[in-house]
Structure formats: structure tokens, C-alpha cells
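Below, each chain spelled out in residue letters.
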Amino acid sequence: MSENIKGKVVLITGGSTGLGAETARHLAANGARVAIAARRKDKLDDVVAEITKAGGEARAYQLDVVDKNQVKQVTDAVIADFGTLDVLINNAGIMPIRPMAEVNTEEWDAMIDVNIKGTLYGIAAALPFFLEKSRGHIINLSSVAGIKVFAPGGTVYSGTKFAVRAISDGLRQEVGSKVRVTSIEPGAVDSELKHNTTGTAQSSVLDFYKIAIPASAVARAIAYAISQPDDVDINEIVLRPTAQEF
């Protein structure tokens, strides 16, 4: 598997903790050159130090994915620093779960900004470069909640993840002859995402996540998609805990 990962430059948003950080560690261990971006620079620096100590290559970039100018600047900086970009992983996301009857429009706006716009801004920043060199790979983090609506409580979150899945498939149809596109759709994963939930839904969500699989399981799925030969495009990967019905 590592043969088709080794040497590739991979940019991961939301790379400071959880799934993003674990993916960075796993890909670096398989020879990828990793750029991790997120808002918390101190956390990013910790992950970079860990990867470097283990013999891998990584750099940290402070980034808020809701700012499209920042996303473009960071992507350009990664290309300049590493000399190229091979894979973009749009991993940054939030999941504040609560009933729609609570009408928390601030959380709705935040999910749309991070989960949908953040993904689109990443695509906008990397796609021209990929098309210019007729090669690249965009990996978007959707969810099983982007396949079946997570309700009650997760209706708006599901809406954003359905959107990510639709954007991924449409992008594949438009540019698939040059750029590979993968949608990753995990179920319950042990990460900080579950702590985005506040209010009346918090206890039920935390109880649901007792069956969560480790972030390393998703990292391996992402590595599998990247490791394929250039003429093989893994379009979707759905993975859940064996105990998860939804």
C-alpha cells in the first residue's frame, strides 16, 4: 500500500486533532509528506513534532476554512514549500446536534460555513493546480449522516453532509478524467467532533458515541483510497462500527 503513498504531498484541513491528526500520522508513517492545517497552531505543532520525531515529514499551517482567502493562501504556501500538491483532504467539520425546534440559526450557519463552504473553498484552491498538471486527488469527509438523515437532532448536519457527498460525486463526473475524487462516509468515530454538541442533545449523542471506532480506522480507509494506481478512483467508502445500526 505504501508504494503509491510514499512521496506524495498531502494537505489535510482540520489536522490538529482527531481524525485529521491521525490521518496525518498514518500517511506520514507510510512515506507521505504531510501538511496539516487548522485554527489551533499549538495543536498542529504538537502533531508535527510527533511525526518528525518518528522520522516523517510534516509542516503546520494556521487556517480557518471559512475564510476562502486563507484557504487559497495556505494551499499556495503548501505548493511553494513542498514543490507540489498531490492530495487534498477536506476534513475540517463540526457537528452541533440539536432538535430543529430549538431554532439555533447560529449553529446552522456555522455548519454550512465549515462543512459545505469550507469543502468548496478547499476544492477551489486546489482544483486549478490539479487540472493544470492533469493529476491530483480530492478527498472529502462526508458521513453516514450524508446517506441517511440523522434525526431527530442531526437534520441540518445531515443536510451539510448530503451536500458534501453530492459535491463529491458531481466533481467526479466533471473532472474525473484528470482528478480522482473520494467521499469518505464514516459512522461513529472517536474524535472531538462529538463534543461540538451542546444543549438538549448532548447526552444522547455522547451515549451513541460509546460504540465509536478509533480515528485510525478512517485513516486506513483514506490511505487505501490514496494508495490505488492512478487509473483507479475509489469514489466512496462507507465504514461504521459493527455495532452501529444507523
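Residues numbered from 1 in each chain as written. Predicted model: local features only at pLDDT ≥ 70, side-chain atom pairs only at ≥ 80, totals over all residues. Heavy atoms only, no water.

**Student:** Please clarify how empty space enclosed by the protein should be interpreted in this entry.
**Tutor:** Where empty space is left becomes clear once a probe the size of a water molecule has been rolled over the atoms. In the structure shown here, the tally under the stated rule is one cavity of 30 Å³ or more. As a volume, the largest cavity reaches approximately 50 Å³. Of all elements in the fold, only α4 (105-133) and α5 (155-175) reach the threshold of two or more residues within the lining of the largest cavity. The residue inventory of the lining of the largest cavity, partitioned by class, reads six nonpolar, three polar and two charged. (1 Å grid on protein atoms, 1.4 Å probe; cavity = no way out; pocket = protein on both sides within 12 Å on 5 of 7 lines; lining within 4 Å. Points joined across faces, edges and corners; volume = space filled by probe spheres on them. Helix = DSSP H or I, 4+ residues; strand = E, 2+ residues; numbered from the N terminus. Nonpolar A, V, L, I, M, F, W, Y, C, P; charged D, E, K, R; others polar.)

**Student:** I keep staring at the layout of surface pockets and nothing clicks. Help me out?
**Tutor:** By volume, the second largest pocket is sized at about 200 Å³. Along the walls of the second largest pocket sit 15 residues, with R135, G136, K178, R180 and D230 positioned nearest its centre.

**Student:** Is there a simple way to explain helix α7 (residues 215-227) in this structure?
**Tutor:** Each turn of an α-helix holds 3.6 residues, which means side chains three or four residues apart point in the same direction. Look at α7: 18 Å from first C-alpha to last across 13 residues, which is about the 18 Å you get at 1.5 Å a residue. Of all 13 residues in α7, ten are buried, a share of seventy percent or more. Among all positions of α7, only A215, A217, V218, A219, A221, I222, A223, A225, I226 and S227 are buried. (Expected span 1.5 Å × (residues − 1). Buried < 20%, exposed > 50% of the residue type's maximum accessible area, 1.4 Å probe, protein only.)

**Student:** Please clarify how the nonpolar core should be interpreted in this entry.
**Tutor:** Within soluble globular proteins, side chains that are nonpolar tend to cluster in buried spots. Within the largest apolar cluster, 36 residues are counted, with the highest numbers of intra-cluster contacts made by V78 and L85. The set of elements that each furnish at least two residues to this core consists of β1 (9-13), β2 (33-38), α3 (68-82), α4 and α5. Broken down by element, the residue count for this core peaks at seven residues, all from α4. If near-sequence neighbours (up to four positions away) are discounted, V78 is found in contact with V9, L11, A35, Y61, G83, T84 and L85. One finds L19, I36, I184 and I234 within the second-largest nonpolar core, a separate group that totals 35 residues. (Core = buried A, V, L, I, M, F, W, Y, C linked by side-chain atoms within 4.5 Å. Contact = heavy atoms within 4.5 Å.)

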